[in-house]
Amino acid sequence: EFRVDKAGIVHVPLGKLSFSKDQLHDNMKIFIETLIRLKPATSKGQYLRGIAIASTMSPGIKVDAVQIANMFR
């Protein structure tokens, strides 16, 4: 499950502290594939502009969105 706020920012929990690295990777892969699949046909240009990963109460770490999107295609 994920939600989108008014600014178009997508919020999604990818896992818990107890998850292994492989479980987190699989969850992120499935989410990115789902997000790309749900892209509206009328949407032009770059769909993913930026990705930041953060735990609940920590600053986010920016990730290259293009590289991530290409990695999971």
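About the cut-offs
Residues numbered from 1 in each chain as written. Predicted model: local features only at pLDDT ≥ 70, side-chain atom pairs only at ≥ 80, totals over all residues. Heavy atoms only, no water. Helix = DSSP H or I, 4+ residues; strand = E, 2+ residues; numbered from the N terminus. Contact = heavy atoms within 4.5 Å. Core = buried A, V, L, I, M, F, W, Y, C linked by side-chain atoms within 4.5 Å. Buried < 20%, exposed > 50% of the residue type's maximum accessible area, 1.4 Å probe, protein only.

Caption draft 1: Quick look at the environment of V12. For V12, the position within the fold is in the loop between β2 (10-11) and α1 (21-37). Along the chain, V12 and A65 lie 53 residues apart, while their C-alpha atoms are 15 Å from each other. The residues touching V12, leaving out its near neighbours within four places in the chain, are E1, F2 and F31.

Caption draft 2: Structural context of the nonpolar core. Within the largest apolar cluster, nine residues are counted, these being M28, F31, I32, L35, L48, I51, A65, I68 and A69. Elements that contribute at least two residues to this core include exactly α1 and α2 (65-71). Beyond its immediate chain neighbours, meaning those up to four positions away, F31 contacts F2, V10, V12 and L14.

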